[in-house]
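Summary of structural features
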Amino acid sequence: MSRARQPPLVTGISPKEGAAWTKVTIRGENLGTGPADLVGLSICGHNCLLTAEWMSASKIVCRVGPAKDDKGEIIVNTKSGGLGTSTVSFKLIRPERIGILDQSAVWVDEMNYYDMRTDRNKGISPLSLRPSNPLGIDIDKGKLPQKDIELTFPGMSGDFTSENFSATWYLIENHMGSSFEQLKMAANNLKKQATKKNEGSLAYVKGGLSTFFEAQDALAAIHQRLEFDGTERVEGSMTQRLENILNRASDTADTLFQEVLGRKDKADSTRNALNVLQRFKFLFNLPLNIERNIQKGDYDVVINDYEKAKSLFGNTEVPVFKKVYAEVEMRIGALRSLLLEKLLQTPSTLHDQKRYIRYLSDLHAPGDPAWQCIYAQHKWILQLMQNCRDEFISGQRVGVGALDQEGDTRGPALGRLGHTASLTRGGSQRTTRPSTWRFETPQQLQFVEKLSDVVIGQLPNFWKLWISYVNGSLFSETGEKSGQVEKSKKNARQRQNDFKKMIEEMINRLVKLVRGALLPTTLPQGELSFYGGWENKTELTGAWLTQIIHIVRACHEALSTLEIPNDLLQVIQDLLLELRVHCLMVTLLHTTDDVKGLAEKENWVVDNEGITSLPSQFEQCMILMLQSLKEPLEIKPGEINVLQLDQVQDQATELSVNIMTVFINCLEQLSTKSDIYTSHNISVDLSSPDRFTGVHEGFCPTSEQRLLIILSNCQYLERRTLLNLANHFEKHGLTGTEKITRVSVDAVRELDRKLFEAYIEKRADPISGSLEPGIYAGYFDWRDCRTPTGVRNYLKEALVNIITVHAEVFTVSKDLVPRVLSKIVESVGEEMCRLMQCVSSFSKNGSLQARLELCALRDAIATFLNSDSSASFQLALDALPQLHSGADKKLLEELLNKFKSSMQLQLTCFQPCCIQPVKR
């Protein structure tokens with residue numbers, strides 16, 4: 001249940017004293033919830049409700065009536081709170097009565113005149129002005145600048161006594177913050193005031209009844225007095241004297257007021273003449289107003305004035321009016337020419353174009369301004385596109401983003417996208433190009449970007465202008481009423497084919513200009529002079545072509561959003577297909593050149609896996625190539641997969657195989673590269689282990705070391721790189737991966753075989769060739785020799801040479817050790833077998849010496865024995881006489897143990913390990 005409202009309480013009144021009909025402001029608390037809630041208001045006992053204006057719950061404005069009491073309280077009565085109280089009082093000042101003939105100086109404020117003869121506010125005289133708050137609610141002045149309101153409502157006013165009164169203006173200016181409930185309350189107040197106004201004339205008469213009654217009473221008293229005297233018709237009587245007095249008074253009054261009344265009549269005549277002139281002042285001032293408004297650009301005002309003058313004086317027969325109206329028509333004709341010139345002027349915005357077309361249609365300009373504008377825009381866009389090409393061909397534009405070598409390389413976005421930073425293991429950069437080539441945006445790319453900006457910036461507005469022309473939205477309400485909309489739609493239907501040819505011509509111009517810059521061979525010979533001319537420009541790489549594809553795709557997407565028919569955009573799709581294929585082929589060709597340059601980057605520094613940075617550089621180069629092809633090979637809506645085209649697929653596969661072959665050839669060239677230092681005999685060159693302390697940066701490898709490094713790289717290529725590249729090829733959708741991998745693996749294996757045979761030939765032959773001279777050194781004879789005391793030096797020297805080869809191989813790649821040592825041991829085993837089989841006979845000591853040396857050699861290199869080498873050693877042992885004596889066997893075992901003990905440190909490298917020989 002809601003709490004009852006408190007009764008009204010008046011706490012202040014301003015002013016606190018005054019004569020009857022003084023306007024006062026009452027302040028207090030709980031003075032009502034609205035005008036309807038206020039049911040009673042009395043000041044000094046007089047009812048002032050009819051003159052009361054409720055402003056808020058704490059403010060009421062009214063006028064004090066002619067109360068009987070000179071001083072009294074202010075009592076407010078409301079529906080919600082009942083009868084109230086007052087803490088203040090009002091003092092009524094009674095003016096002295098003035099006789100009919102007494103002089104009195106009274107200031108009459110006509111602007112705030114109210115009828116003082118009644119206690120009803122309904123009898124306001126015609127001289128009364130508007131109330132200060134006609135809506136009867138709180139005024140909430142807004143913060144909107146006056147200039148903005150004047151611009152929003154041109155020619156209107158917020159003064160409701162004006163002929164151009166705008167209610168919206170008045171509400172924005174005085175009640176911007178008022179709520180909807182307050183506005184509803186204001187509407188009810190307006191209704192009440194309208195009702196009071198209807199009763200105004202009757203109330204005015206009622207308000208003057210007291211004066212009429214007083215005059216009637218005075219005349220009745222005079223009549224009774226005259227009848228009592230009976231001298232109304234006697235000469236010199238009171239009646240006669242009174243008549244003479246009245247006549248003299250009348251003459252005196254006429255004399256006194258004749259000049260004033262004459263001026264009044266003259267003023268009335270002048271006012272009537274001015275009213276007549278004011279009525280036609282619009283026409284007489286119209287030519288000058290038209291000129292001024294044209295200079296200010298207020299074309300809407302000019303059109304409105306022209307329509308008004310045309311409706312009033314278009315068919316006039318008055319010569320003066322006809323002359324002035326003819327001048328108006330002349331100025332309007334000049335305005336039509338001016339607007340048409342502005343309409344056809346380029347460049348211009350779509351908003352201005354629509355505005356000028358609407359102005360021309362409202363001015364009933366001859367012809368079809370909208371189509372004239374469309375045609376002019378079409379020619380202008382074509383010229384812009386051609387000028388763009390001519391600027392670049394003539395060399396008037398320089399490369400944007402071009403920096404010196406020491407400048408910041410993070411310039412324009414296109415420049416950054418074109419730059420590929422070199423990597424520690426795999427940076428691919430063509431050395432044949434200038435060092436600054438990656439930092440300069442090619443002219444062709446700048447041209448395509450500029451051309452795309454022209455198309456995307458102008459063609460949408462051109463299309464929207466046509467759509468507005470078709471649906472008739474270019475015209476104002478005046479144009480709709482005059483039938484221009486239907487006429488425009490009819491013209492648009494007739495010109496659809498012409499407009500389609502315009503769009504087709506612009507799109508074809510775009511495509512041919514791009515073809516001339518990038519694909520000149522696809523243009524007919526006769527069009528090369530008009531669209532070509534780019535022969536002397538920089539050759540584009542795949543990265544730049546990718547950016548061009550991105551730009552053309554963005555252009556196609558922007559045009560597709562305009563709902564341009566697909567058959568008109570198909571030429572752009574065809575261009576994109578050829579650009580994508582061209583980008584693929586150029587990227588593969590440039591990658592081939594980059595791979596050729598990798599050989600010059602080989603630093604011969606191996607890592608823990610026994611490989612140099614070359615395979616990783618090659619793999620990184622190929623990955624970067626595939627990543628750069630991601631966008632060109634991506635299939636956008638409406639595009640086809642270029643790799644599904646048989647011819648493209650075959651060419652891409654062949655170029656990819658060629659890249660692999662080129663890299664393998666680079667490896668072969670590196671392996672056969674001439675040495676800076678001459679290779680010496682192995683016994684001198686490799687006898688010291690200090691020579692293989694490590695492969696460090698800056699050293700120059702020998703031919704044998706180079707062979708080992710390339711062999712290690714080949715193994716890494718086969719095991720890792722080629723498999724990784726095959727996965728990347730499949731991941732990026734390139735076809736022919738099986739063929740590429742198969743050809744690459746075969747080529748790597750063939751190179752590996754050649755290099756391995758070359759290395760074994762260089763290392764095994766010297767070791768095997770040193771065995772026979774070492775055996776027979778000092779005229780040694782197997783048939784006549786001493787009792788063995790140990791392994792002879794030739795065998796130790798052979799083992800040291802094998803250890804040296806082991807060190808050389810291990811320094812490069814431990815994975816190659818089993819494979820190389822197995823082949824070296826096999827060669828040594830074959831040579832020992834041959835030498836033993838060539839001996840005709842052995843003495844007992846010779847047989848024991850030979851068996852000791854064969855067993856010592858076999859046991860030392862047992863880790864690297866294979867079936868062939870084991871068979872060779874067995875044949876060599878079989879060629880020796882058998883040992884039957886236990887003493888000989890014991891001596892053999894003791895000598896073998898002595899050899900192993902003395903050579904333990906040297907033979908440590910031959911200990912078994914987890915690395916198994918690589919089968920080939």
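Residues numbered from 1 in each chain as written. Predicted model: local features only at pLDDT ≥ 70, side-chain atom pairs only at ≥ 80, totals over all residues. Heavy atoms only, no water.

Structural notes on the overall build of the chain
Operational definition: Working definition: helices are DSSP H or I runs of at least four residues, strands are E runs of at least two. Numbering for both runs from the N terminus. Classification of residues uses two cut-offs on accessible area relative to the type maximum, computed with a 1.4 Å probe and protein chains only: under 20% is buried, over 50% is exposed, and between them is partly exposed. Residue contacts are counted whenever heavy atoms from the two residues lie within 4.5 Å of one another. For the area figures, the Shrake-Rupley method with a 1.4 Å probe applies, and any residue is considered shielded solely by the protein chains shown.
Check the secondary structure of the chain and you find 30 helices and eleven strands. The buried share of the chain, taken over its 920 residues, is 42%. Here the contacts in the chain between residues at least 6 apart in sequence split such that 76% fall between residues at least 24 apart. Split by element, the accessible area of the chain, about 51,000 Å² in all, is 52% carbon and sulfur.

Remarks on empty space enclosed by the protein
What counts, and what does not: A pocket, in this scheme, is an open set of points on a 1 Å grid over the protein atoms alone with protein on both sides within 12 Å along at least 5 of 7 lines, while a cavity is a set where a 1.4 Å probe fits but cannot get out; residues line either one if an atom lies within 4 Å of a point. Grid points are joined across faces, edges and corners, and a volume is the space filled by probe spheres set on the points.
Using the criterion set out here, one finds six cavities of 30 Å³ or more in the structure. As a volume, the largest cavity reaches approximately 60 Å³. As for the largest cavity, its lining consists of Val448, Ser452, Leu510, Val514, Ile551, Val552, Cys555, Ile572 and Leu575. When contributions to the lining of the largest cavity are tallied by element, the ones reaching two or more residues are helix H12 (443-471), helix H15 (496-518), helix H17 (542-560) and helix H18 (566-596). Considering each element in turn, the lining of the largest cavity owes the most residues, three residues, to H17.

As for the pairing of strand S8 (residues 71-78)
The criterion, for reference: A strand pair is defined by DSSP finding two or more bridges across the two strands.
For strand S4 (residues 38-43) and S8, the ladder comprises five bridges, and the chain directions are antiparallel. Within S8, the residue paired with glycine 40 across the bridge is asparagine 77. Across two bridges, S8 lies against strand S9 (residues 82-83) in antiparallel orientation. Note on S9: the bridge partner recorded for threonine 78 is glycine 82.

Quick notes on the packing of aromatic side chains
The way to describe two aromatic rings as a pair is by their centre distance and the angle between their planes. Defined as follows: The pairing test for Phe, Tyr and Trp rings, Trp by its six-membered ring, is centres within 6.5 Å, and the orientation test on the planes gives stacked under 30 degrees, edge-to-face over 60, and tilted for anything in between.
Enumeration over the complete set of coordinates arrives at twelve aromatic pairs. Taken together, a centroid distance of 5.9 Å and an interplanar angle of 75° make the contact between phenylalanine 392 and phenylalanine 447 edge-to-face. In this pair, phenylalanine 392 sits in helix H10 (residues 369-393) while phenylalanine 447 sits in helix H12, placing the two residues 55 residues apart along the sequence. Relative to phenylalanine 663, the ring of phenylalanine 618 lies with its centre 4.0 Å away and its plane at 5°, an arrangement referred to as stacked.

Describing helix H24 (residues 737-769)
Test applied: Multiplying 1.5 Å by the residue count of a helix minus one yields the expected span of that helix. The angle between axes fitted to the seven residues ending at a residue and the seven residues starting there is what we call the bend at that residue.
Here H24 contains 33 residues, and its C-alpha end-to-end distance of 47 Å stays within 8% of the 48 Å for a straight helix at 1.5 Å per residue. Maximum bend of H24: about 25°, positioned at glutamate 761.

Description of the nonpolar core
Taken as a class, soluble globular proteins show a tendency for nonpolar side chains to be buried jointly. Formally: Residues belong to one nonpolar core when they are buried, are Ala, Val, Leu, Ile, Met, Phe, Trp, Tyr or Cys, and are joined through side-chain atoms within 4.5 Å.
Counting residues in each nonpolar core, the largest one holds 102 residues, and the members touching the most others are Leu584, Phe618, Leu799, Val820, Ile824, Met836 and Phe910. Excluding residues within four positions of it along the chain, isoleucine 824 makes contact with Ile760, Arg763, Ala764, Ile767, Ile802 and Val805. Formed by 84 residues, the second largest nonpolar core is a distinct cluster that contains Tyr325, Cys373, Phe447 and Phe462.

Some words on the environment of arginine 5
Structurally, arginine 5 is set in the segment before strand S1 (9-14). Sequence-distant contacts of arginine 5, that is, excluding residues within four places in its chain, are made with Thr33, Ser80 and Gly81.

Let's talk about the pattern of salt bridges
The condition that has to hold: Salt bridge, as used here, is a side-chain nitrogen of Lys or Arg placed within 4 Å of a carboxyl oxygen of Asp or Glu.
The tally for this structure, following the rule as stated, stands at 27 salt bridges. One salt bridge connects arginine 783 with aspartate 781, and the closest N-O pair in it is separated by 3.7 Å. Residues aspartate 888 and lysine 844 are paired through a salt bridge, measuring 3.7 Å at the closest nitrogen-oxygen approach. Here aspartate 888 is found in helix H30 (residues 886-902), whereas its partner lysine 844 is found in helix H28 (residues 844-860), with 44 residues between them in sequence. Given the relative accessible area of 56%, lysine 844 is considered exposed. One network of salt bridges, in which partners are shared, links Glu291, Glu327 and Arg331.

Some details on the sheet that holds S1
Strand order in this open sheet of five strands is S6-S7-S3-S1-S10, and the pairing throughout is mixed. Two strands in the sheet have a free side with no partner beyond their single neighbour: strand S6 (53-56) and strand S10 (85-86). As defined by bridge partners, S6 adjoins strand S7 (residues 59-63) across three bridges and the pair is classed as antiparallel. Directly across from glutamate 53, in S7, lies its bridge partner valine 61.

Description of the packing of H10 against H12
Each pair of packed helices gets described by two things: the angle between the helix axes and the distance between those axes. The criterion, for reference: Lines fitted to C-alpha atoms define the axes, with helix axes restricted to the stretch in contact, and inter-axis angles between N-to-C directions lie between 0 and 180 degrees. The labels follow the angle: roughly parallel below 35 degrees, roughly antiparallel above 145, roughly perpendicular from 65 to 115, and oblique for the rest.
H12 packs onto H10 with a crossing angle of 180° between their chain directions and a minimal axis gap of 10 Å. Classified by the angle their axes make, H10 and H12 are roughly antiparallel.

A few points about the side chain of threonine 721
Here threonine 721 lies in helix H23 (residues 703-731). Leave out the neighbours within four places in its chain, and threonine 721 touches Pro615, Phe618, Glu619 and Tyr716.

Some thoughts on the environment of leucine 624
With respect to the element layout, leucine 624 can be found in helix H19 (residues 614-628). A C-alpha to C-alpha distance of 9.5 Å links leucine 624 and threonine 591, two positions 33 residues apart in sequence.

Section: unusual backbone geometry
Put simply, serine 14 and proline 15 share a cis peptide bond, and its omega is -5°. Within the secondary structure, proline 15 is located in the loop between S1 and strand S2 (17-18). Of the consecutive residues threonine 346 and proline 347, the connecting peptide bond is found in the cis state with omega at -5°. Examined against the element boundaries, proline 347 turns out to sit in the loop between helix H8 (319-344) and helix H9 (350-362). We note that cysteine 44 has phi near 55°; this positive angle belongs to a residue other than glycine. Relative to the helices and strands, cysteine 44 resides in the loop between S4 and strand S5 (46-47). Look at cysteine 44 and you get buried, because its relative accessible area is 2%.

Re the packing of H18 against H19
Going by this rule: It is the rotation of the near helix from the far one that decides the hand of a crossing: anticlockwise by less than a right angle makes it left-handed, clockwise makes it right-handed. Note on residue categories: nonpolar means Ala, Val, Leu, Ile, Met, Phe, Trp, Tyr, Cys or Pro, charged means Asp, Glu, Lys or Arg, and polar means any other residue, Gly included.
Packing of H18 against H19 brings their axes to within 11 Å, and their N-to-C directions diverge by 165°. Taken together, H18 and H19 sit at an angle that is classed as roughly antiparallel. Two packed elements cross with a definite hand, and for H18 against H19 that hand is right-handed. The segment H18 lies against H19, with Thr587, Leu588, Thr591, Asp594 and Val595 engaging Phe618, Cys621, Met622, Met625 and Ser628. Its residues assigned to classes, the contact of H18 with H19 shows six nonpolar, three polar and one charged.

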